[in-house]
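Spelled out, the chains give:
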Amino acid sequence: MPQWYEESFGEDYLLVYKHRNRQNASFEAEQITRWLQLSKQDLILDLCCGTGRHTIALGRNDFRVVGLDLSKTLLSHAVSESAGLPIPFVHGDMRTLPFMDHSFEVVLNLFTSFGYFTQDRDNQQVLAEINRVLKPEGRFLIDFMNPESVKRKLVPVSEREEQGIHIREERKIAGDFVLKEIWVRDDKGERHYQERVKMYSMDRMEAMMEQAGLTIEQVYGNFRGEPYQTMSDRMIFLGRVYK
Ligand SMILES: C[S@@+](CC[C@H](N)C(=O)[O-])C[C@H]1O[C@@H](n2cnc3c(N)ncnc32)[C@H](O)[C@@H]1O
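Parameters and conventions
Residues numbered from 1 in each chain as written. Predicted model: local features only at pLDDT ≥ 70, side-chain atom pairs only at ≥ 80, totals over all residues. Heavy atoms only, no water. Near = heavy atom within 4 Å. Polar contact = N/O pair within 3.5 Å; in protein donor to acceptor, adjacent residues only side chain to side chain. Areas by Shrake-Rupley, 256 points an atom, 1.4 Å probe, with all protein chains shown as cover. Nonpolar A, V, L, I, M, F, W, Y, C, P; charged D, E, K, R; others polar. Pairing = 2+ DSSP bridges. Helix = DSSP H or I, 4+ residues; strand = E, 2+ residues; numbered from the N terminus. Axes fitted to C-alpha atoms, helices over the stretch in contact; angles between N-to-C directions. Domains from an automatic or database assignment. Contact = heavy atoms within 4.5 Å. Buried area = accessible area lost by both parts, 1.4 Å probe. Salt bridge = Lys/Arg side-chain N within 4 Å of Asp/Glu carboxyl O.

- Per an unreviewed UniProt entry, the chain goes by Methyltransferase domain-containing protein and derives from Paenactinomyces guangxiensis.

Shown next, in the form of structure tokens:
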């Protein structure tokens with residue numbers, strides 16, 4: 001049986017998450033550039049790049065960047081939207097990256113592209129892969145949801161129309177997971193998707209990163225640069241690997 005993350009990142013995803021657009025991404029890419037002091041020599045991996053929102057924003061600013069994603073549909077958007085820019089977009093799984101050890105100066109993992117696997121060891125494996133493909137003293141940025149804020153702000157049901165298409169979203173907490181069910185209805189019929197993300201707490205993230213050899217140097221609570229607090233929207237981890 002296919003896993004939710006193999007089915008939920010197709011054309012309908014682009015409609016449901018239309019508000020997460022390229023404009024947000026350019027602002028975030030500028031902030032990432034400052035925070036990680038990116039240089040034009042750095043080779044940067046945008047891990048789980050989707051349509052390449054951040055990859056392309058960085059590429060436009062002449063950074064050397066590679067995007068990797070599992071969704072061929074989203075990658076095909078990335079390829080067409082990056083036309084003219086020298087950005088390789090690679091198909092792959094975040095647990096088994098098709099790159100040599102020590103390939104990158106920087107790895108980015110943006111907009112909750114972590115916690116997708118039921119088994120902790122698979123999520124842990126993603127962090128191990130980030131370490132493996134980073135050069136010694138390579139930098140990383142992982143932008144993850146903050147479970148405390150997700151629990152407090154959870155909207156159980158919402159419905160809206162987007163370009164004449166009806167979207168219904170239902171959200172709930174089940175154990176350590178946040179579950180979202182999405183129904184998209186248009187003149188072609190109704191499609192159903194699921195998202196299932198493990199809500200790792202700050203303590204768990206710190207422990208998992210330590211186990212993977214990822215040293216956290218800073219945690220922001222949002223892309224405006226406010227420091228993390230218990231109720232922050234996000235947990236944005238910045239750090240280095242020392243090996
Ligand atoms: C929430 S989206 C974020 C995309 C992008 N970072 C952005 O900000 O627009 C999560 C991405 O992870 C990708 N993904 C899901 N499972 C994956 C896996 N096992 N390996 C690599 N990418 C995966 C999805 O295809 C999707 O593009």
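### A short note on the site of the ligand
Item 1. As a matter of local geometry, the ligand sits amid 20 residues, with Cys48, Arg53, Asp69, Met94 and Leu110 nearest to it.
Item 2. In this structure, Met94 approaches the ligand through a main-chain N or O atom, which is 2.8 Å from a nitrogen atom.
Item 3. Within the backbone of Leu110, a nitrogen or oxygen atom sits 3.2 Å from a nitrogen atom of the ligand.
Item 4. The fraction of the free accessible surface of the ligand (590 Å²) that becomes covered by protein chains is 97%.
Item 5. Of the residues assigned to the shell around the ligand, the class counts are 12 nonpolar, 5 polar and 3 charged.

### Description of the sheet that holds strand 6 (residues 157-162)
Item 1. If you trace the 4 strands from one edge of the open sheet to the other, you get 6-7-8-9, paired in antiparallel fashion. This sheet does not close on itself; its edge strands, each paired only once, are strand 6 and strand 9 (189-198). Across the sheet, the mean angle from the axis of one strand to that of its neighbour is 15°, orientation sign disregarded.
Item 2. Bridge analysis of strand 7 (residues 165-174) against strand 8 (residues 177-186) gives 9 bridges, and the strand direction is antiparallel. Across the sheet, Lys172 pairs through a bridge with Leu179, a residue of strand 8.

### Some points on the domain arrangement of the chain
Item 1. Here the domain parsing of the chain yields domain 1 (4-146 + 200-241) and domain 2 (150-195).
Item 2. Here the C-alpha centroids of domain 1 and domain 2 sit 24 Å apart.
Item 3. Between domain 1 and domain 2, the residue contacts involve 14 residues of the former and 18 residues of the latter.
Item 4. Taking both partners together, domain 1 and domain 2 bury about 1,500 Å²; carbon and sulfur atoms supply 56% of that area.
Item 5. For domain 1, the biggest contributors to the area lost against domain 2 are Asp12, Leu15 and Val16; these three give 37% of the whole.
Item 6. Counting every contact that joins domain 1 to domain 2 gives 3 salt bridges.
Item 7. Between Asp12 and Arg191 there is a salt bridge, and its shortest N-O distance comes to 2.8 Å.
Item 8. Taken together, domain 1 and domain 2 are joined by 9 residue pairs in polar contact (both at pLDDT 80 or more).
Item 9. Looking at the side of domain 1 that touches domain 2, the elements with two or more residues in it are helix 1 (4-7) and helix 2 (11-16).
Item 10. Per-class residue counts for the side of domain 1 that touches domain 2 are 7 nonpolar, 3 polar and 4 charged.

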